[in-house]
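Now for the letters of each chain:
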2 protein chains.
Amino acid sequence: MENIRPIILVTNDDSIEAPGIHALVEAVKDLGDIYVVAPAQQHSGQSSSITVDSPLRIKELPEAPDGVRYFVVNGTPVDCVKLALHAIVPRKPDFLFSGVNHGSNSGNSITYSGTMGAVLEGCMQGIPSVGFSLLHHSLKADFTLSAPFVRSIAQKVVEKGLPAGICLNVNIPAKVVPEGVRVCRAAKGYWTEEYRRYLDPAGRPFYLLTGRFVNIEPDADDTDEYWLARRHVSVVPVTPDQSCVSAIKPLSDRFNASEG
Amino acid sequence: MENIRPIILVTNDDSIEAPGIHALVEAVKDLGDIYVVAPAQQHSGQSSSITVDSPLRIKELPEAPDGVRYFVVNGTPVDCVKLALHAIVPRKPDFLFSGVNHGSNSGNSITYSGTMGAVLEGCMQGIPSVGFSLLHHSLKADFTLSAPFVRSIAQKVVEKGLPAGICLNVNIPAKVVPEGVRVCRAAKGYWTEEYRRYLDPAGRPFYLLTGRFVNIEPDADDTDEYWLARRHVSVVPVTPDQSCVSAIKPLSDRFNASEG
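Since we're looking at a predicted model, the values are computed, not measured.

How each quantity is defined
- Residues numbered from 1 in each chain as written.
- Chains lettered and ligands numbered in written order.
- Predicted model: local features only at pLDDT ≥ 70, side-chain atom pairs only at ≥ 80, totals over all residues.
- Heavy atoms only, no water.
- Helix = DSSP H or I, 4+ residues; strand = E, 2+ residues; numbered from the N terminus.
- Rg over C-alpha atoms; globule rule 2.2 N^0.38 Å.
- Buried < 20%, exposed > 50% of the residue type's maximum accessible area, 1.4 Å probe, protein only.
- Contact = heavy atoms within 4.5 Å.
- Areas by Shrake-Rupley, 256 points an atom, 1.4 Å probe, with all protein chains shown as cover.
- Lys, Arg positive; Asp, Glu negative; His and termini not counted.
- Charge placed at Lys NZ, Arg CZ, Asp CG, Glu CD.
- Least-squares fit on C-alpha atoms with pLDDT ≥ 70 in both.
- Salt bridge = Lys/Arg side-chain N within 4 Å of Asp/Glu carboxyl O.
- 1 Å grid on protein atoms, 1.4 Å probe; cavity = no way out; pocket = protein on both sides within 12 Å on 5 of 7 lines; lining within 4 Å.
- Points joined across faces, edges and corners; volume = space filled by probe spheres on them.
- Nonpolar A, V, L, I, M, F, W, Y, C, P; charged D, E, K, R; others polar.
- Pairing = 2+ DSSP bridges.
- Arc of directions from axis to C-beta.
- Axes fitted to C-alpha atoms, helices over the stretch in contact; angles between N-to-C directions.
- Parallel < 35°, antiparallel > 145°, perpendicular 65-115°, else oblique.
- Left-handed = near helix turned anticlockwise from the far one by under 90°.

(A) Looking closely at the overall build of chain A. Each helix and strand counted, chain A has six helices and 14 strands in total. Taken against the 2.2 N^0.38 rule, which gives 18 Å for 260 residues, the C-alpha radius of gyration of chain A at 20 Å falls within 12% of a compact globule. Seen through its C-alpha atoms, chain A measures out along the principal axes to roughly 60 × 60 × 45 Å. Out of the 260 residues belonging to chain A, those deemed buried represent 60%. Pairs at least 24 apart in sequence give 76% of the contacts found in chain A among residues at least 6 apart. Surface summary for chain A: the accessible area is close to 10700 Å², and the carbon and sulfur share equals 51%. A distance of 2 Å separates the average location of the 24 positive side-chain charges in chain A from that of its 29 negative side-chain charges.

Here's what the structure looks like:
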């Protein structure tokens, strides 16, 4: 590590007003110079969305007494990361931490997660990046018990970095003292019973998202769902590159073609 | 293949009004019973976004003379897929085709792509799913030269399916007759110069997204960017599972812990 303080970019998807991002700042603020760049509004389920064709604005809030600087962007978590790099931080951040999310991002929820959208963006920009999520949806969730684990994992990343092209998806059980930490993979599954149907006053149907995750491998002891159910913090190494290289050869025979 | 016609779900991210989705329907409509379920509005760059806490409505358009059924949803591409499965198609679709997108989804653009968000959703639901994109942003793009390739790839998928857990990201050069088809991986890279800065009438800055993709491996002959630059159709096998299993062991030593 250079002999200057690292720059740490902090963001989330629950907005600047969510308690989770302030719990994250408290846990990591002595590890570097903190720039918080967060959405003005709630962006749960926004994945890696970017704002196209619509103006983005940056508003700086008053600097906190502890030196943490706060910026608000009227966009998505990925917009926050991109715009932070483009126009806010004085140089490329050394680390990016996202969260603490109010709610789980285990299993395949990472696909929809704005918290992890920001993390994947940081990773693609070459920044060691970690997303933290607490398994409790409420804005009144208590981050006291999770804070030491956020702190410990962030500190290890600041000390040793992360392998190139890898970011971390950290999920933390709520309302218990976690019994340990396990590096693992995301449990495979899908969502079911995803909508509740309503009728509006004119008798026309509309739908609201709900549903539950079906873990198709509940006994797999190398998965996040397995360890979260056993009161452990799960740490999943994640790659933004979704190419399935092992499938290229088998599929080449079927699809490769040359004309003429 | 069963002796009944397959159900094919067709969606996109450019909305029901985009010529690309109608080019896709024309190319595949004799391969099965077609249900088009598409966003009411443009959703480029929406990735795997889902609509949370806001009502979704389904509107069926008049059935076309060729028997194709059209539905519009006031949501994202992933909303369209989820709601199609929940409330529109009579049984789980046998195949999902998304596109034809007006613009490239090669390189790391898949991360932001609504076209591919729908495809990843289909894949996680166990449906063989393919996204098609034409390397031309205009709504006036000409799909004539790409149509035979869309048709040929779709037909091969209908005949033989896809490996479990794998979907395809197909990109097609514009304004040329493609010289062939190559199965490959996504070129690694990142976006740069991503915003243009403006001043509003009150003198306050705002930003609009722009930028260009920097391919960090332009000579890698197993990548989509390489083959697209050489007038080939690229077919990238994609997995929704972003866990990097090879990183679990090296990171376990550093992060695993048990309390007490």
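(B) Region of the structure containing unusual backbone geometry. Here the residue pair Gly99 of chain A and Val100 of chain A is connected by a cis peptide bond, since its omega of -15 degrees sits within 30 degrees of zero. With respect to the helices, strands and loops of the structure, Val100 of chain A is situated in strand S5 (residues 95-102). The phi dihedral of Ser15 of chain B falls on the positive side, at around 90 degrees, and the residue is not glycine. Turning to its location among the elements, Ser15 of chain B is positioned in the loop between strand S1 (7-11) and helix H1 (19-28). Phi is positive for Arg231 of chain B, close to 60 degrees, though the residue is something other than glycine.

(C) Expanded view of the relation of the copies chain A and chain B. The two copies are related by a screw motion: chain A maps onto chain B through a turn of 180 degrees and a shift of 0.0 Å along the axis, at an RMSD of 0.0 Å. Taken together, the rotation and translation relating the two chain copies correspond to the operation of a two-fold axis. When the interface residues of chain A are mapped onto chain B, 100% of them again fall at the interface, so both copies present the same face.

(D) Representation of the environment of Gln155 of chain B. Residue and element names in this part refer to chain B. Topologically, Gln155 is positioned in helix H4 (residues 147-160). Note on Gln155: relative accessible area 28%, which makes it partly exposed. Put simply, Gln155 and Pro55 are 100 residues apart on the chain and 36 Å apart in space, counted from C-alpha to C-alpha.

(E) Summary view of the pattern of salt bridges. One pass over the structure, following the stated rule, counts 28 salt bridges over all chains. Asp200 of chain A is the salt-bridge partner of Arg57 of chain B, the closest N and O atoms lying 3.0 Å from each other. Highlighted residues: Arg57 of chain B in the loop between strand S2 (33-39) and strand S3 (58-60) and Asp200 of chain A in the loop between strand S10 (195-199) and strand S11 (205-209), drawn from two different chains. Asp200 of chain A sits in the buried class, given a relative accessible area of 8%. Across the salt bridge formed by Glu26 of chain B and Lys29 of chain B, the nearest N and O atoms sit 3.2 Å from each other. Taking relative accessible area as the criterion, Lys29 of chain B reaches 25% and is therefore assigned partly exposed. Through salt bridges with shared partners, a single network forms among Glu26, Lys29 and Asp66 of chain A.

(F) Quick peek at empty space enclosed by the protein. Applying the stated criterion to the full structure yields two cavities of 30 Å³ or more. Taken as a whole, the largest cavity holds about 130 Å³ of empty space. Forming the walls of the largest cavity are 18 residues, and the residues nearest its centre are Ser47, Thr111 and Gln242 of chain A together with Ser47 and Gln242 of chain B. Within the residue set of the lining of the largest cavity, elements represented by two or more residues are helix H3 (114-124) of chain A together with helix H3 (114-124) of chain B. No other element matches H3 of chain B, which puts three residues into the lining of the largest cavity. Within the lining of the largest cavity, the residues separate by chemical class into six nonpolar, 12 polar and no charged. Ala23, Leu24, Ala27, Val100, Phe143, Ser146, Ala147 and Val150 of chain B are the residues that line the second largest cavity. Every element with two or more residues in the lining of the second largest cavity is listed here: H1 and H4 of chain B. Top element by residues in the lining of the second largest cavity is H1 of chain B. It accounts for three residues. A per-class count over the lining of the second largest cavity returns seven nonpolar, one polar and no charged.

(G) Inspection of the sheet that holds strand S14 (residues 257-258) of chain A at higher detail. Taken in spatial order, the 10 strands line up as S14(A)-S8(B)-S13(B)-S7(B)-S6(B)-S5(B)-S1(B)-S2(B)-S4(B)-S3(B) in an open sheet, and their pairing is mixed. Of all the strands in the sheet, just S14 of chain A together with S3 of chain B have a single pairing partner and so form its edges. Pairing between strand S5 (residues 95-102) of chain B and strand S6 (residues 129-134) of chain B: five bridges, direction parallel. Bridge pairing in S6 of chain B places Ser98 of chain B opposite Gly131 of chain B.

(H) Main features of helix H6 (residues 248-255) of chain A. Taken residue by residue, H6 of chain A has Ile248, Leu251, Ser252 and Phe255 of chain A as its buried positions. For H6 of chain A, the angular spread of the buried residues around the axis is 115 degrees, confining them to a single face. Of the exposed residues in H6 of chain A, the ones pointing more than 90 degrees away from its buried face are Lys249, Pro250 and Asp253 of chain A. Those residues of H6 of chain A hidden inside the fold are in contact with S14 of chain A together with H4, strand S7 (167-172), strand S8 (180-183) and strand S13 (232-238) of chain B.

(I) Structural view of the packing of H1 of chain B against H4 of chain B. Residues and elements named next belong to chain B. Taken N-terminus to C-terminus, the directions of H1 and H4 make an angle of 55 degrees; their axes are 9 Å apart at the nearest point. For the element pair H1 / H4, the angle class is oblique. In the packing of H1 onto H4, the handedness of the crossing is right-handed. On H4, the residues that touch Leu24, Ala27 and Val28 of H1 are Ala147, Val150, Arg151 and Ala154. In terms of residue class, the contact of H1 with H4 is made up of six nonpolar, no polar and one charged.

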